[in-house]
Amino acid sequence: MQVESELVTKLTNKHYTISAAESCTGGLLAAAIVNVSGASEVFECSYVTYANKAKENLVYVKPDTLSRYGAVSSQTAEEMALGCAKAAEADVGLSITGIAGPDGGTADKPVGLVYIGCAIHGQVVTERHIFSGDRFSVRKQAVEAALDLAIHCLK
């Protein structure tokens, strides 16, 4: 079973809904979920919050969080996950923020650095990953990791 199918099945069985907030993946997470038949029963919506203003306005990331920790941080991933669940009135919020490359990395935040957040009824788990490969590969790996995290959190 593909990981996105497993996620939709788990959500369906629990009668939970999900929303996503994506930055570096630009909608790939939403596309993976809606590729599954039956996703319409559990998927509320997705926010592609590429710009910081979108993170603030659509999924309630605090300006202070962005200025203090940056868009690519555990704190931002946490607020994105909580915020998208709140905005969509969903049980689960799943977020991805990172640096897909090939540019934009620094010594502290290298290309491939991705933070993922999963919020379920206000409880949040975040993960830090460093993926390798080209831009598309980093984005695909981030989506897989987010789906895996959500499945793990739903157990």
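Rules behind the numbers
- Here the residue numbering is sequential within each chain, running from 1 through the sequence in written order.
- Residue-level local features of this predicted model are given only where pLDDT is at least 70; pairs of side-chain atoms are given and counted only at 80 or more, and the full residue set underlies all totals for whole chains, interfaces and linings.
- Side-chain numbers here rest on the full set of heavy atoms in the structure, without hydrogens or water.
- A helix here means a DSSP run of H or I that spans at least four residues, while a strand means a run of E at least two residues long, and both kinds are numbered starting from the N terminus.
- The atom set for the radius of gyration is the C-alpha atoms, and the globule formula is 2.2 Å times the number of residues raised to the power 0.38.
- Each residue's exposure class comes from its accessible area (1.4 Å probe, protein chains only) as a fraction of the maximum for that residue type: buried when under 20%, exposed when over 50%, partly exposed otherwise.
- We call two residues in contact when some of their heavy atoms are within 4.5 Å.
- Residue burial considers only the protein chains on display, and all accessible areas are found by Shrake-Rupley using a 1.4 Å probe.
- For the purpose of charge, His is not counted, nor are the chain termini; Lys and Arg are scored as positive and Asp and Glu as negative.
- Taken as the charge location is NZ of Lys, CZ of Arg, CG of Asp or CD of Glu.
- In what follows, a disulfide is any cysteine sulfur pair within 2.5 Å.
- N or O atoms closer than or at 3.5 Å make up a polar contact, with two conditions inside protein: a donor-capable atom paired with an acceptor-capable one, and, for residues adjacent in sequence, both atoms drawn from side chains.
- Only when DSSP finds a minimum of two bridges between them are two strands counted as paired.

**Q** Hey, could you run me through the overall build of the protein chain in this one?
**A** When its secondary structure is counted, the protein chain shows six helices and five strands. For the protein chain, the α and β elements follow one another from N to C terminus as α-β-α-β-α-α-α-β-β-β-α. Computed over C-alpha atoms, the radius of gyration of the protein chain comes to 14 Å, within 12% of the 15 Å expected from 2.2 N^0.38 for 155 residues, which places it in the range of a compact globule. Projected onto its principal axes, the C-alpha positions of the protein chain cover 45 × 30 × 20 Å. Relative to its full complement of 155 residues, the protein chain shows a buried share of 51%. Of all intrachain contacts in the protein chain linking residues separated by at least 6 positions in sequence, the fraction that spans at least 24 positions is 63%. Split by element, the accessible area of the protein chain, about 7,300 Å² in all, is 48% carbon and sulfur. Within the protein chain, one finds 13 positive and 17 negative side-chain charges whose respective centroids are separated by 4 Å.

**Q** I would appreciate a short explanation of the state of the cysteines in the present structure.
**A** By the definition in use, this model includes zero disulfides. With no disulfide of its own, Cys-24 lies 14 Å from the sulfur of Cys-84, the closest cysteine sulfur. Judged by its relative accessible area of 5%, Cys-24 is buried. This cysteine, Cys-45, is not joined by any disulfide, and Cys-84 carries the nearest cysteine sulfur, 7.6 Å off.

**Q** Quick question: what am I supposed to make of the side chain of Ser-95 here?
**A** Inspection of the secondary structure assignment puts Ser-95 in strand E3 (residues 92-98). For Ser-95, the side chain forms a polar contact with the main-chain oxygen of Ala-77, separated by 2.6 Å. Not counting the four nearest positions on each side in its chain, Ser-95 is found in contact with Ala-21, Ala-77, Met-80, Ala-81, Tyr-115, Ile-116 and Gly-117.

**Q** How do you make sense of unusual backbone geometry when you look at a structure like this?
**A** Glycine aside, negative phi is the norm for most residues, and most peptide bonds take the trans geometry. Put simply, Gly-101 and Pro-102 share a cis peptide bond, and its omega is 0°. Mapped onto the secondary structure, Pro-102 falls in the loop between E3 and strand E4 (113-120). The backbone of His-15 sits at a positive phi, close to 60°, despite the residue not being glycine. Phi is positive for Glu-89, close to 55°, though the residue is something other than glycine. The class for Glu-89 is exposed, based on a relative accessible area of 72%.

**Q** Would you mind showing me how to read the side chain of Asp-91 here?
**A** With respect to the element layout, Asp-91 can be found in the loop between helix H5 (74-88) and E3. A distance of 2.8 Å separates the side chain of Asp-91 from the side chain of His-121, its partner in a polar contact. In this view, Asp-91 contacts His-15, Tyr-16, Thr-17, Ala-119, Ile-120 and His-121; residues no more than four positions away in its chain are not counted.

**Q** Can you help me understand the pairing of strand E5 (residues 123-130) in this one?
**A** Looking along a regular strand, one sees side chains alternate from face to face of the sheet. Bridge count between E4 and E5: eight bridges; the pairing is antiparallel. Bridging from a neighbouring strand, Leu-113 pairs with Ile-130 of E5. Counting the residues in the hairpin turn of E4 and E5 gives two residues, including His-121, whose phi is positive at 50°.

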